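Per-entry structural report
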Protein chains: 2
Amino acid sequence: MEKVKEKMSITDQELVARFAKALAHPTRIEILVFLASQDSCFFGDIHDVLPMAKSTVSQHLKELRDAGLIKGEIEAPKVRYCIHRENWDTARRLFSNLFDIFDGDGLVC
Amino acid sequence: MEKVKEKMSITDQELVARFAKALAHPTRIEILVFLASQDSCFFGDIHDVLPMAKSTVSQHLKELRDAGLIKGEIEAPKVRYCIHRENWDTARRLFSNLFDIFDGDGLVC
DNA sequence: TTTATTGTTCGCAAATGTACGAACATTGAT
DNA sequence: ATCAATGTTCGTACATTTGCGAACAATAAA
C-alpha cells in the first residue's frame with residue numbers, strides 16, 4: 001500500500017504561513033494553552049496569568065483573532081474568549097499536511 | 001475511557017513558537033515544500049524557483065537552518081540543502097501536541 | 001447622573017524582519 | 001596564477017512586531 005502525500009495548494013501554503021505567524025510567539029502559545037484548559041475565559045482571566053500590560057495582552061489576542069484561531073464575544077462589560085473550533089481544525093489539518101510532505105524514507109541527504 | 005490530553009511543557013511551548021516563527025513566511029513554506037519534493041536540492045535549484053535575489057533566499061535558508069528544520073552541507077562549490085529529519089519529526093510532534101490541547105467536544109463557547 | 005469596572009485603541013520607542021545589490025570567500029577549471 | 005561559478009555576508013532602507021502607559025468607550029451599579 002503506497003503512502004499518498006497530499007499536495008499543498010499555493011493557497012494552503014499561504015494560509016499555513018499565516019497560522020504559523022500567529023503561533024510564532026510564546027505568549028500566544030501560552031494564551032492558546034490556557035484557553036484550551038478553561039471553560040470560562042474572560043480577558044481578565046487571561047491577563048491575570050500573564051506578566052504583561054493588558055494592552056499587550058489585548059494585542060496578542062487581536063492577532064490570534066485576526067488569524068482566526070480564537071473568537072471573542074462581548075458579555076458586557078467583559079469579553080469572553082475561546083478557541084475557534086472550525087479554524088482550529090483547519091489549522092490542525094494544514095500543519096498535518098505540511099509535515100506530511102516529507103517522510104524521510106530512503107533519502108540521501 | 002477518558003481522553004488524556006498531553007501537557008505541553010513550558011520548554012515545548014517555546015520550542016513550538018520557535019518552529020512556528022520559522023514557518024511564518026510563505027517563501028519559507030515554499031522552500032520546505034520544494035525541498036521535500038526533491039532528492040537533490042542545491043541552493044541554485046531553490047533560487048531558480050523563487051522570484052527574489054539570492055541574498056534573500058540565502059537569508060530565508062539561514063532562518064530555516066537556525067530553527068533546525070533544514071541542513072545545508074557544502075559540496076564545493078555548491079551547497080546541498082535538505083530537510084533535517086530528526087528536528088522535522090520533533091516539530092511534527094510538537095504541533096500535533098499543540099493542536100491536541102483543544103478538542104472541541106462539549107464546550108460552551 | 002456619576003462612578004467603577006472592563007477591555008480596546010492610540011501614540012510612542014525599541015527591536016526584529018524582509019529585501020536588495022555589492023562585496024567577499026571558496027572551490028574548480030583553464 | 002587567473003578566471004568563472006556558487007553562495008554567504010555586509011550595509012542599507014523600509015516595514016512590521018512587541019511592549020508600555022495614557023486615553024478612550026461601553027456597560028453596570030450606586
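Model, not experiment: these values are computed from the prediction. (Residues numbered from 1 in each chain as written. Chains lettered and ligands numbered in written order. Predicted model: local features only at pLDDT ≥ 70, side-chain atom pairs only at ≥ 80, totals over all residues.)

Some details on the overall build of chain A
Each helix and strand counted, chain A has five helices and two strands in total. By the burial criterion, 30% of the 109 residues in chain A qualify as buried. In chain A, the share of contacts with a sequence separation of at least 24, taken over all contacts with a separation of at least 6, comes to 57%. (Helix = DSSP H or I, 4+ residues; strand = E, 2+ residues; numbered from the N terminus. Buried ≥ 20, exposed ≤ 12 C-beta atoms within 10 Å, placed from the backbone. Contact = placed C-beta atoms within 7 Å.)

What about the protein's contact with DNA strand D?
Around DNA strand D, 24 residues are found, and the nearest of them are M52 and S55 of chain A together with F43, G44 and S55 of chain B. Among the secondary structure elements, those contributing two or more residues to the surface near DNA strand D are α4 (54-67) of chain A together with α3 (43-48), α4 (54-67) and β2 (78-83) of chain B. Here the surface near DNA strand D gets six residues from one element, more than from any other, and that element is α4 of chain B. Grouping the constituent residues of the surface near DNA strand D by class yields 10 nonpolar, 10 polar and four charged. (Near = placed C-beta within 6 Å. Nonpolar A, V, L, I, M, F, W, Y, C, P; charged D, E, K, R; others polar.)

Notes on the interface of chain A and chain B
On the chain B side, the residues contacting the 31 residues of chain A number 31 residues. By residue class, the composition of the side of chain A that touches chain B is 21 nonpolar, three polar and seven charged.

Focus: the pairing of β2 of chain B
Residue and element names in this part refer to chain B. Bridge count between strand β1 (residues 70-75) and β2: six bridges; the pairing is antiparallel. Note that in β2 the partner of K71 across the bridge is C82. Hairpin connection, β1 to β2: the antiparallel pair is bridged by two residues. (Pairing = 2+ DSSP bridges.)

Things to note about the protein's contact with DNA strand C
Taken together, 22 residues form the shell around DNA strand C, and within it F43, G44 and S55 of chain A together with S55 and A76 of chain B come nearest. Classifying every residue of the surface near DNA strand C gives nine nonpolar, 10 polar and three charged.

Quick word on the relation of the copies chain A and chain B
When chain A is fitted to chain B, the best match, at an RMSD of 0.0 Å, comes from turning it 180° and sliding it 0.0 Å along the axis. Those values place the two copies in the arrangement expected of a two-fold rotation axis. Closest approach to the rotation axis within chain A is made by the C-alpha atom of A20 of chain A, at a distance of 2.4 Å. When the interface residues of chain A are mapped onto chain B, 100% of them again fall at the interface, so both copies present the same face. (Least-squares fit on C-alpha atoms with pLDDT ≥ 70 in both.)

Comments concerning unusual backbone geometry
Cis geometry is adopted by the peptide bond preceding P77 of chain A, which originates at A76 of chain A and carries an omega value of 0°. By the secondary structure assignment, P77 of chain A is in the loop between β1 (70-75) and β2 (78-83).

Concerning the environment of V57 of chain A
Position of V57 of chain A relative to the elements: it lies in helix α4. Considered as a pair, V57 of chain A and G44 of chain A are 13 residues apart in the sequence and their alpha carbons are 9.7 Å apart.

Focus on α4 of chain B
Residues and elements named next belong to chain B. The first and last C-alpha atoms of α4 sit 20 Å apart over 14 residues, in line with the 20 Å expected at 1.5 Å per residue. Every buried residue of α4 is accounted for by V57, L61 and L64. On an axial view of α4, the arc spanned by its buried residues comes to 60°, and they lie on one face. Of the exposed residues in α4, those oriented more than 90 degrees away from the buried face are S55, K62 and D66. A positive backbone phi angle near 90° is found at G68, which sits one or two residues after α4. (Expected span 1.5 Å × (residues − 1). Arc of directions from axis to C-beta.)

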